[in-house]
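Residue-level structure breakdown
For reference, the chains in residue letters:
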Amino acid sequence: GGGGADPLLPAEGGGDRRAPFLLRALRIAVVVCLYWFTSIAMVFLNKYLLDSPSLRLDAPLFVTFFQCALTAALCLGLSLGAACGPPCAGLPTLRLDPKVSRSVLPLSAVFIGMVTSNNLCLKHVGVAFYNVGRSLTTVFNVLLSYLLLKQTTSLYALLACGVIIGGFWLGVDQEGAEGTLSWTGIFFGILASLCVSLNAIYTKKVLPVVDGSIWRLTFYNNINACVLFFPLMVLLGEFRTLYHFDKLGSPSFWGMMTLGGVFGFAIGYVTGLQIKFTSPLTHNVSGTAKACAQTVLAVIYFEETKSFLWWTSNLMVLGGSFAYTWVKGLEMRKVQEDPNVRSGERNDTGV
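The protein is annotated in an unreviewed UniProt entry as FUCT1 protein from Emberiza fucata.

1. Considering the overall build of the protein
Helix and strand counts for the protein stand at 13 helices and 0 strands. Ordered by position in the sequence, the α and β elements of the protein form the string α-α-α-α-α-α-α-α-α-α-α-α-α. Scored against the burial criterion, the 351 residues of the protein give a buried share of 47%. For the protein, long-range pairs separated by at least 24 residues make up 81% of all intrachain contacts whose partners lie at least 6 apart in sequence. Just so you have it, the protein exposes about 18300 Å², and 68% of that area is on carbon and sulfur atoms.

2. Some words on the packing of aromatic side chains
In total, this model carries 17 aromatic pairs according to the counting rule given. Between Phe44 and Tyr301, the aromatic rings sit 5.7 Å apart at their centres with planes inclined by 85°, giving edge-to-face as the arrangement. Of the two residues, Phe44 is situated in helix 1 (residues 18-51) and Tyr301 in helix 11 (residues 280-301); the sequence distance between them amounts to 257 residues. Overall, Tyr301 belongs to the exposed group, its relative accessible area being 59%.

3. What about the nonpolar core?
If you look at the biggest cluster of nonpolar residues, it comprises 55 residues, and the most contacted ones within it are Leu57, Phe62, Phe129, Phe229, Phe253 and Met257. Not counting residues up to four positions away in its chain, the partners in contact with Phe62 are Met233, Glu238, Leu242, Trp254 and Met257.

4. Things to note about the side chain of Glu238
Along the polypeptide, Glu238 turns up in helix 9 (residues 238-243). Salt bridges are absent for the buried Glu238, whose nearest opposite-charge side chain, Lys123, sits at 8.1 Å. Polar contacts involving the side chain of Glu238 include one to the main-chain amide nitrogen of Leu61, which spans 3.1 Å. Apart from residues lying up to four places away in sequence, Glu238 is in contact with Ala59, Pro60, Leu61, Phe62 and Met233.

5. Side note on the packing of helix 10 (residues 251-277) against helix 11
Look at helix 10 against helix 11: their axes get within 7 Å of each other, and the N-to-C directions meet at 125°. In terms of axis orientation, helix 10 runs oblique to helix 11. Our pair here, helix 10 against helix 11, has a crossing hand that is right-handed. In contact with Thr271, Gln274 and Ile275 of helix 10, helix 11 contributes Pro280, His283 and Ser286. Looking at the contact of helix 10 with helix 11, its residues break down into 2 nonpolar, 4 polar and no charged.

6. Description of the environment of Thr180
Locating Thr180 in the fold gives a position in the loop between helix 6 (155-177) and helix 7 (183-206). The spatial distance from the C-alpha of Thr180 to the C-alpha of Val125 is 7.9 Å, given a sequence separation of 55 residues.

7. A closer look at the pattern of salt bridges
Summed over the entire model, instances satisfying the criterion amount to 8 salt bridges. A salt bridge links Glu175 to Lys306; its shortest N-O distance comes to 3.7 Å. Here Lys306 lies in the loop between helix 11 and helix 12 (308-337) and Glu175 lies in helix 6, a separation of 131 residues in the sequence. A relative accessible area of 18% means that Lys306 is categorised as buried.

8. Things to note about unusual backbone geometry
The backbone of Arg56 shows a phi angle near 50°, a positive value even though the residue is not glycine. Residue position: Arg56 is located in the loop between helix 1 and helix 2 (60-84). Looking at Arg56, the relative accessible area reads 59%, which means it is exposed. Although it is not a glycine, Glu303 adopts a positive phi angle of roughly 50°. Within the element layout of this structure, Glu303 appears in the loop between helix 11 and helix 12. Overall, Glu303 belongs to the exposed group, its relative accessible area being 72%.

9. Brief notes about a nonpolar patch on the surface
Among the surface-exposed residues, Leu143, Tyr146, Leu147, Leu148 and Leu149 lie close enough to one another that they form a single nonpolar patch of about 500 Å² accessible area. Mapped onto the elements of the fold, Leu147 is located in helix 5 (residues 137-149).

10. Quick word on the packing of helix 6 against helix 12
The packing of two helices is summarised by the inter-axis angle and the distance between the axes. Running from N to C, helix 6 and helix 12 point in directions that differ by 160°, and their axes come no closer than 8 Å. Relative to helix 12, the element helix 6 lies roughly antiparallel. Note on packing geometry: the crossing formed by helix 6 with helix 12 is left-handed. Tallied by class, the residues present in the contact of helix 6 with helix 12 amount to 15 nonpolar, 8 polar and 1 charged.

11. Some words on helix 3 (residues 98-124)
Here helix 3 is 27 residues long and its end C-alpha atoms lie 36 Å apart, about the 39 Å a rise of 1.5 Å per residue gives. Roughly 50° is the biggest bend found in helix 3, and it falls at Leu105, with proline Pro106 one to four residues downstream. Burial within helix 3 is extensive, with 19 of its 27 residues counted as buried. Backbone nitrogen of Lys99 and a side-chain oxygen of the N-cap are separated by 2.9 Å at the start of helix 3; the cap is Asp97.

Parameters at a glance
Residues numbered from 1 in each chain as written. Predicted model: local features only at pLDDT ≥ 70, side-chain atom pairs only at ≥ 80, totals over all residues. Heavy atoms only, no water. Helix = DSSP H or I, 4+ residues; strand = E, 2+ residues; numbered from the N terminus. Buried < 20%, exposed > 50% of the residue type's maximum accessible area, 1.4 Å probe, protein only. Contact = heavy atoms within 4.5 Å. Areas by Shrake-Rupley, 256 points an atom, 1.4 Å probe, with all protein chains shown as cover. Phe/Tyr/Trp six-rings, centres within 6.5 Å; stacked < 30°, edge-to-face > 60°. Core = buried A, V, L, I, M, F, W, Y, C linked by side-chain atoms within 4.5 Å. Lys, Arg positive; Asp, Glu negative; His and termini not counted. Salt bridge = Lys/Arg side-chain N within 4 Å of Asp/Glu carboxyl O. Polar contact = N/O pair within 3.5 Å; in protein donor to acceptor, adjacent residues only side chain to side chain. Axes fitted to C-alpha atoms, helices over the stretch in contact; angles between N-to-C directions. Parallel < 35°, antiparallel > 145°, perpendicular 65-115°, else oblique. Left-handed = near helix turned anticlockwise from the far one by under 90°. Nonpolar A, V, L, I, M, F, W, Y, C, P; charged D, E, K, R; others polar. Patch = residues over 30% accessible without salt bridge, like charges linked within 9 Å, V, L, I, M, F, W, Y side chains within 5 Å. Expected span 1.5 Å × (residues − 1). Bend = angle between axes of the 7 residues up to and from the residue.

As structure tokens, then:
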């Protein structure tokens with residue numbers, strides 16, 4: 001749509017033109033801060049649950065399973081609350097339909113791969129390196145768009161991807177030089193990048209099955225994930241680990257687990273909010289800046305000293321991601337302004 005009205009807010013009628021702008025700017029600032037806080041807090045919390053020397057719990061699948069179960073329960077709770085109280089827009093009544101559940105299953109498999117590999121990457125690498133460790137999502141986006149959707153990518157966007165890959169390799173090299181390299185963490189980081197990219201593609205495919213409702217999709221995804229995690233946890237002997245875990249009766253442990261689950265649930269919501277109040281491209285820029293802040297915070301918090309080349313690798317990954325987003329933004333503007341561009345190129349949001 002090429003209208004002049006701002007799609008972020010309901011149209012403001014007449015009056016002082018400055019107030020709506022200030023309100024809009026304030027709203028965007030609050031949403032972006034909310035996204036940053038939730039996202040960074042979740043990473044640090046998960047690092048504690050997955051790899052804290054004081055906790056010593058080696059059950060990454062259980063931590064992920066618990067978060068999925070809590071997300072499904074929160075979805076159901078909010079849906080029931082909305083059904084009882086005043087009707088709440090965007091919250092559909094949730095009930096489990098086995099047919100829909102089966103249709104969502106391929107996405108749920110990718111979703112499980114995504115959340116598990118994310119957590120396993122975080123378990124094996126430091127929070128400071130976590131962003132570089134799973135920085136190849138953009139590269140996989142380009143690759144999968146070409147292989148699955150037959151969408152080509154411009155030279156500038158490919159150059160930006162080249163910078164990201166360079167930054168990734170330099171980061172791996174520097175972690176090795178500092179003696180903190182975990183190949184397991186790198187493997188899960190690459191897998192997480194691939195799954196995040198696949199997840200975006202499958203989500204687009206599966207959304208019509210749930211009438212385009214992200215809430216419904218979240219609910220089914222997490223229910224399916226809980227069912228699929230059970231045999232995996234049995235296979236990997238995590239129930240035995242939990243049986244011998246000394247803090248299983250500790251309220252503070254369950255408090256942290258619940259908090260992690262709440263943040264896991266909230267991140268989906270605040271991501272949606274940020275995209276709604278800005279745009280997919282601005283969301284990417286915000287995510288890139290957030291990753292930068294997260295890295296700096298982690299280095300300060302864990303009192304780490306990093307080499308100049310290590311910081312360079314981070315800057316390359318962040319710069320490449322930002323450049324890719326910027327190039328995509330320019331291309332989209334061109335597409336919107338030129339009605340002759342094939343509609344096939346129009347649906348690439350550069351997520």
